[in-house]
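# Breakdown of the fold
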Amino acid sequence: ITKELSGTLNQVLVSITENPGIQANHISSMIKRPIDTVKKQIKQLVDKGLIVRKGSRKTGGYYIKTQ
């Protein structure tokens, strides 16, 4: 799957895979991209059905979606 995604999308997906439950601001600092960019990438991954958000707005995070 990761070969089909663009650079930043792939970086976001790998970050979530390696750190289940990670929040967008932590992804942003890990891959050194602006938070707005990361949020757009996350939205694309959610729309593709690859990741899912679990938990509350403050403490929730992103996880790889299991079949």
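In this numbering scheme, every chain counts its residues from 1 along its sequence in written order. With the structure being a predicted model, the display of local features is reserved for residues of pLDDT at least 70 and the display and counting of side-chain atom pairs for 80 or more, all residues being used for whole-chain, interface and lining totals. As a rule here, side-chain values come from all non-hydrogen atoms in the structure, and water together with hydrogens is ignored.

All right, on to the overall build of the protein then. Scanning the protein from N- to C-terminus turns up 3 helices and 2 strands. Its helices and strands in sequence order give the protein the pattern α-α-α-β-β, from N to C terminus. Since a compact globule built from 67 residues should have a radius of gyration of about 11 Å, the 11 Å found for the protein is in line with a globular shape. Projected onto its principal axes, the C-alpha positions of the protein cover 30 × 30 × 20 Å. Categorising residues by exposure relies on relative accessible area from a 1.4 Å probe, with only protein chains included: less than 20% of the type maximum marks a residue as buried, more than 50% marks it as exposed, and the intermediate range marks it as partly exposed. Within the protein, buried positions represent 33% of all 67 residues. Counted over contacts in the protein with a minimum sequence separation of 6, partners at least 24 positions apart contribute 44%. All accessible areas in this document rest on Shrake-Rupley with a 1.4 Å probe, and a residue is counted as covered only by the protein chains that are shown. Carbon and sulfur atoms form 51% of the exposed surface of the protein, whose accessible area is close to 4,600 Å². Think of it this way: Lys and Arg go in the positive column, Asp and Glu in the negative one, and His and the chain ends go nowhere. Here the site of a charge means NZ on Lys, CZ on Arg, CG on Asp, or CD on Glu. Across the protein, 12 positive and 4 negative side-chain charges occur, with their mean positions spaced 6 Å apart. Runs of E in the DSSP output that reach at least two residues are strands. Runs of H or I that reach at least four are helices, and both are numbered from the N terminus. Throughout, radius of gyration means the C-alpha value; the globule benchmark is 2.2 Å times the number of residues raised to the power 0.38. We call two residues contacting when some pair of their heavy atoms lies within 4.5 Å.

To continue, consider the pairing of strand β2 (residues 61–64). Between any two strands, pairing holds if DSSP finds at least two bridges. Taken together, the 4 bridges between strand β1 (residues 51–54) and β2 define a ladder with antiparallel strand orientation. Looking at the pairing, Lys54 lines up with Gly61 of β2.

Bringing the packing of helix α1 (residues 7–18) against helix α3 (residues 35–47) into the picture now. Contact geometry of α1 with α3 gives a least axis separation of 10 Å together with a crossing angle of 80°. If you check the angle between α1 and α3, you find them roughly perpendicular. Contacts from Thr8, Leu9, Val12 and Leu13 in α1 reach Thr37, Gln41, Ile42, Gln44 and Leu45 in α3. Tallied by class, residues from the contact of α1 with α3 come to 5 nonpolar, 4 polar and no charged. Throughout, an axis means a line fitted to C-alpha atoms (over the contacting stretch in the case of helices), and angles, computed between N-to-C directions, take values from 0 to 180 degrees. Relative orientations are named as follows: roughly parallel for angles under 35 degrees, roughly antiparallel for angles over 145 degrees, roughly perpendicular for angles from 65 to 115 degrees, and oblique for any other angle. In this count, Pro and Cys sit with the nonpolar residues alongside Ala, Val, Leu, Ile, Met, Phe, Trp and Tyr, while Asp, Glu, Lys and Arg are called charged and the others, Gly among them, polar.

Attention shifts here to the packing of α1 against helix α2 (residues 24–31). In the contact formed by α1 and α2, the axes pass within 10 Å of each other and the chain directions differ by 120°. The pairing of α1 with α2 is recorded here as oblique in orientation. Like other packed secondary-structure pairs, α1 and α2 cross with a definite hand, here right-handed. Of the residues in α2, those touching α1 at Thr8, Gln11, Val12, Ser15 and Ile16 are Ile27, Met30 and Ile31. Left-handed describes a crossing whose near helix is turned anticlockwise from the far helix through less than a right angle; right-handed describes the clockwise counterpart.

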